[in-house]
Amino acid sequence: MLTKLTGGRLYDPANGVDGEVRDIYIRDGHILDGPPAESPDRTYDLTGKLVMAGAIDLHTHIGGGKVNIARAMLPELQGGKEAASPSGERYSFSPATPSSLATGYRYAQMGYTSCFEPAVLPVNARQAHMEMADAPLLDTGGYAMLGNDDLLLQLMSEGATQEEINDYVAWTLHATQCIGIKVVNPGGINAFKFNTRKLDVDERHPHYPLTPRDIVRTLSRAVAELGMPHPLHVHASNLGVPGNQTSTLATMEAAEGFPVHLTHIQFHSYGTEGDRHFSSAAAEIADAVNRQKNVTIDVGQIMFGQTVTISGDTMRQHANRRFAHPRKWTCMDIECEAGCGVVPFRYRDKNFVNALQWAIGLELFLMIDDPWRVFLTTDHPNGAPFTSYPHLIRLLTDKGFRNDQLARIHPDAAAMSRLTGLDREYSLYEIAIMTRAAPARILGLTDRGHLGPGALADITVYHERPDAEQTFGSPMLVFKRGEVVVEEGQVSRTFSGATQVVRPDYDRGIERRIGDWFDRYHSVRMGNFRISDQEMAEGIGSPVQVHPCRPRGSA
Amino acid sequence: MWSSEAKSANSVLTCPFCGLGCDDLSVELSEQGTKVDARGCGLAARSFSEALGGTFPSAAIRGQPAPLEQVLDHSAALLRGASAPLFAGLATDVNGMRATLELAERCSATLDHLNGDALFRNLLVLQEHGWLTGTFAEVRNRADLILVVGTECFERFPRLPERLLYPSDALFSPPRERHFVLIGPWADQQTPVELPKSQTTVLPVDLKDLAGLMGILRGLLAKRPLQAGGFAGIATDRLADLAERLRRARYSVLVWSAAELDFPHAELTVRALVELVRDLNEETRAAALPLAGSLGDVTANQVCIWQTGYPLRTGFQQGGPRYQPALYRHQDLLSREETDLLLWISALSPAAGPPRTRVPTILLGHPGTAPAGPVEVFIPVGLPGIDHPGHWYRSDAVCPLPLGKVRDSTLLPVAEVLHLLEKRL
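Residues numbered from 1 in each chain as written. Chains lettered and ligands numbered in written order. Predicted model: local features only at pLDDT ≥ 70, side-chain atom pairs only at ≥ 80, totals over all residues.

## A word on helix H3 (residues 125–133) of chain A
Among the 9 residues that make up H3 of chain A, 9 are buried, leaving the element largely enclosed by the rest of the structure. When we look at burial in H3 of chain A, the residues that qualify are Ala125, Arg126, Gln127, Ala128, His129, Met130, Glu131, Met132 and Ala133 of chain A. (Buried ≥ 20, exposed ≤ 12 C-beta atoms within 10 Å, placed from the backbone. Helix = DSSP H or I, 4+ residues; strand = E, 2+ residues; numbered from the N terminus.)

See the structure below:
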């Protein structure tokens, strides 16, 4: 079957294409190199339409135990049926806590075709993959959490070599079928189990002779030396704490030049100025990102309204329990690996702190120069549900609209923000970088995020409307692997995606050390911890697709 | 390990017969048949031998053996004809539950687990207040003061002392320095032999006084005065001593099994347990460990939550899923005859057959099931972890374990039977 998309205006930054009218030919789920000899079986006339690769979300909490705890705890957020699935209505829809089915359909309806769960607890990896397998129409992947697990901290404390650490990190990736490594509040989640309530970047852990800085340095180096495409994904220390810009800057330094991705950096860009001792440090953080080319970030923009915060960071989530809305919260210490905390939250535009958080996120978007190093996220659902992306795109591309919104927030917050002075408007090309080309590149996914020959035919076609929120909110067509899955906002067919993984080499000798640990302290056997390819395909329902790493040691 | 091949000798095996999900059992294949080393667990030994020694009965309609095709056709006709079917039992693995949800949507069915009452004693507290919990490895390695509520945890979860409370080795809390407090209706100090007497305190108390006791402890922790007469037969100095232990502990743990708290509004007792844990965490560290998961309640609930957004006691009668924890109790739906067809799924235990009811019943059951009353249809199904691979959640809901396969059998997995039924609708 040969499909031709003709007349569309292409935004394909990976191939330097900025709004040129070009035809695309698709066969067997892939984009062809130029027009083939035979005539197409199907032709779509896309004259006047915008064509981009399927969007990629590199940080969205869509699967795993803590997401399910949020759903279980908050049935009142579910909003009745949503008649958008082709097969029926077997889901209700809560933007903050969508079911797996709703997650797949709603993402597809916005033109997203690949999504990555950033906090896979290794022992819970099966559940994360099972939930993502049940999110239709999406290819998915996860980042395994390390850096609060007692095994790593023990290895580091005992003076294990970097090579041994690297082997352990690689083993974890294989065992959990993940594509990246994440560290959340380095050492802090673990310290909370020892009743420590705050851990600064250079503060010693209460049990291990280590600091968060040591953990970030060791893990960012491990990820680089293993040749993994995605840098260490870091949720820095002191999330949400006024004045945390200092620890954020220290965390960037801790990577010592190795690639590092600081996630939801909005929550880590706070100063202590002003009467309320809470201010924006977006300028300082943006300046640091602009200078340090090894650093990438995603923003974690907040939007006003009800959501739920879901995090591995028990230390900070427990501290934030008094802000819970509605008034209930859950925390969990998990398996000598990490933890999780679920705190529902309502961001209010008339609340000074919330209003300033909103402005800080936008300041960061507008002050960081290189769109290849900043990613469009709300840290779904922590800053806002992913369904607010079209609104966020409008805020970034339309200064007039942005200023109108600014006029509605708490006036003191508006007055403290630099937003009025920021004239930048993102172009469609830059939006395509942030949501397609750059996430594909930073995850090492050469088969997607672009429209060049050989790419997966994951393609989104938009009507160009005067209002970017409308444009991006309801694509005309979404193709997944060359098949139309969404037409004019309606899901028209469904199928399951695949799990994206990387597999750096490692020395199997490390399994003796890990196996001994499991036998002595863990609650499962090492053999049961590890997820096989067969299990992924047959049992979990999401076959793996392996992406290459650079050769080990080439960092 | 996940395996669609039958296990070879001595390979590790995961036990699906209680919420501890022990995965260190081993299996031996010999000429005498398959033998499982249950690591000293009577429940596992009994359940495995029951499963492995049983015969494979034929599918049947009203007790008369019939070919599977015919039984499936008949069942599909019943499902097509039903206007308010109830899918209950739900003792199955992850893929069995996935298939159950798919079929439930097609048939506009309502869902509840056979352990629904116990499940909801905890769940209602989570939904009203939230909680702070720990998992098995945390308790094993970190707990220095463990309060076990009720007397039945040790029977329901036989390897609890060995695996979690008093292990041979631990990272942070030496087992020989731990203290155990058994709070419940213990008669004549008959405590479990696996726990060292010198490290164990028994506080005999009626289950219905637990909530009051937790309130007293919270009061003492908040330095409120206590009446000289003690509480529920426990002397004041013993209460003060326990409060002091809780205050001093580095990581205390409260363990309970909601199934044992079988009295009206027991969720208020669970809430009291949870509130004590919360209060403790203001100053020190503590965690709750609600034990559950036997017969797959945690498994069924997890899958239902992620696929529909709601826990069990959800129904598809009105199009999309509707969550009605107060209305969709399966016992009530049956006794009020608010359902016209019961599909009872119970792949794990021969004792967990469908309740006696006048509502026509399709039973997808363990081959040894002896139902309480006559059933319209019986389709014997395989046991996950014995007849087919699967996934299974233990109590702490964080760790879905892969179940392997012990033998080749003709028994179909629940998921496959349900898919065959769906194709016929």
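Picking up where we left off.
## Examining unusual backbone geometry
Residues and elements named next belong to chain A. In this model, His325 is joined to Pro326 through a cis peptide bond whose omega is -5°. Here the amide bond leading from His380 into Pro381 is cis, since omega sits at -5°, within 30 degrees of zero. As for its placement among the helices and strands, Pro381 is situated in the loop between strand S20 (374–375) and helix H12 (389–397). Although it is not a glycine, Asp379 sits at a positive phi angle of roughly 55°. Tracing the backbone through its elements, the reader meets Asp379 in the loop between S20 and H12. For Asp379, a count of 28 C-beta atoms within 10 Å puts it in the buried group. Positive phi, close to 45°, is recorded for Glu488, a residue that is not glycine. Along the chain, Glu488 falls in the loop between strand S23 (483–487) and strand S24 (490–491). Here Glu488 falls in the exposed class, since 11 other C-beta atoms lie within 10 Å of it.

## Digging into the domain arrangement of chain B
Interfaces are often sized by the amount of accessible area the parts lose when they come together. Residue and element names in this part refer to chain B. Domain annotation of chain B identifies domain 1 (58–115 + 295–423) and domain 2 (120–291). For domain 1 versus domain 2, the separation of C-alpha centres amounts to 34 Å. Taken together, the contact between domain 1 and domain 2 spans 6 residues of the former and 7 residues of the latter. Class assignment for the residues of the side of domain 1 that touches domain 2 results in 3 nonpolar, 2 polar and 1 charged. (Domains from an automatic or database assignment. Contact = placed C-beta atoms within 7 Å. Nonpolar A, V, L, I, M, F, W, Y, C, P; charged D, E, K, R; others polar.)

## Here's the deal with the environment of Asp507 of chain A
All names here are of chain A. Among the structural elements, Asp507 can be located in the loop between strand S25 (499–502) and helix H17 (510–521). Given 13 C-beta atoms within 10 Å, Asp507 falls into the partly exposed group. Along the backbone, Asp507 and Tyr168 are 339 residues apart, and their C-alpha atoms lie at a distance of 9.0 Å.

## Structural notes on the nonpolar core
Counting residues in each nonpolar core, the largest one holds 323 residues, and the members touching the most others are Val169 of chain A together with Val253, Leu254, Val255, Leu273 and Val277 of chain B. In terms of residues, this core owes the most to one element, helix H15 (residues 428–443) of chain A, which gives 10 residues. Mapped onto the domain boundaries, this core takes at least three residues apiece from domain 1 (58–115 + 295–423) and domain 2 (120–291) of chain B. Residues in contact with Val277 of chain B, not counting those within four places in the same chain, are Trp131, Leu132, Leu254, Ala286, Ala287 and Ala288 of chain B. (Core = buried A, V, L, I, M, F, W, Y, C linked by C-beta atoms within 7 Å.)

## Some words on the environment of Phe378 of chain B
Residue and element names in this part refer to chain B. Within the secondary structure, Phe378 sits in strand S18 (residues 377–380). Phe378 sits in the buried class, given 28 other C-beta atoms within 10 Å. Discounting chain neighbours no more than four positions away, the residues touching Phe378 are Ala59, Ala60, Leu363 and Gly365.

## Structural notes on the sheet that holds strand S1 (residues 12–13) of chain B
All names here are of chain B. Across the sheet, which stays open at both edges, the 3 strands sit in the order S1-S2-S3 with antiparallel pairing between neighbours. Strand pairing shows two members of the sheet lacking a second neighbour, S1 and strand S3 (33–37), which therefore form its edges. One ladder, built from 2 bridges, connects S1 with strand S2 (residues 25–30); its direction is antiparallel. Counterpart to Val12 in the pairing with S2 is Ser26. (Pairing = 2+ DSSP bridges.)

## Let's talk about the sheet that holds strand S5 (residues 30–31) of chain A
Sheet strands pair via backbone hydrogen bonds, and the direction of the pair is either parallel or antiparallel. Residues and elements named next belong to chain A. On the basis of which strands lie adjacent, the open sheet formed by 4 strands has the order S5-S4-S1-S6 and mixed pairing. If you trace the sheet from one side to the other, it starts and ends with S5 and strand S6 (42–45), each paired once. The sheet contact formed by strand S1 (residues 2–6) and strand S4 (residues 24–27) spans 4 bridges and is antiparallel. Paired with Leu2 across the two strands is Arg27, which belongs to S4.

## Section: the confidence of the model for chain B
Mean pLDDT over chain B stands at 94; residues scoring 70 or higher make up 99%. Across the interface, the model reports ipTM at 0.97; the global pTM reads 0.97. (pLDDT = per-residue confidence, 0-100.)

## Details of the packing of helix H8 (residues 210–221) of chain B against helix H10 (residues 267–280) of chain B
All names here are of chain B. Running from amino to carboxyl end, H8 crosses H10 at an angle of 20°, the nearest separation of the two axes being 8 Å. Classed by the angle they form, the pair H8 and H10 counts as roughly parallel. As for the relative orientation of H8 and H10, their crossing is left-handed in sense. Where H8 abuts H10, its residues Leu210, Ala211, Met214, Gly215, Leu217, Arg218 and Leu221 lie against Leu268, Thr269, Ala272, Leu273, Glu275, Leu276 and Asp279. (Axes fitted to C-alpha atoms, helices over the stretch in contact; angles between N-to-C directions. Parallel < 35°, antiparallel > 145°, perpendicular 65-115°, else oblique. Left-handed = near helix turned anticlockwise from the far one by under 90°.)

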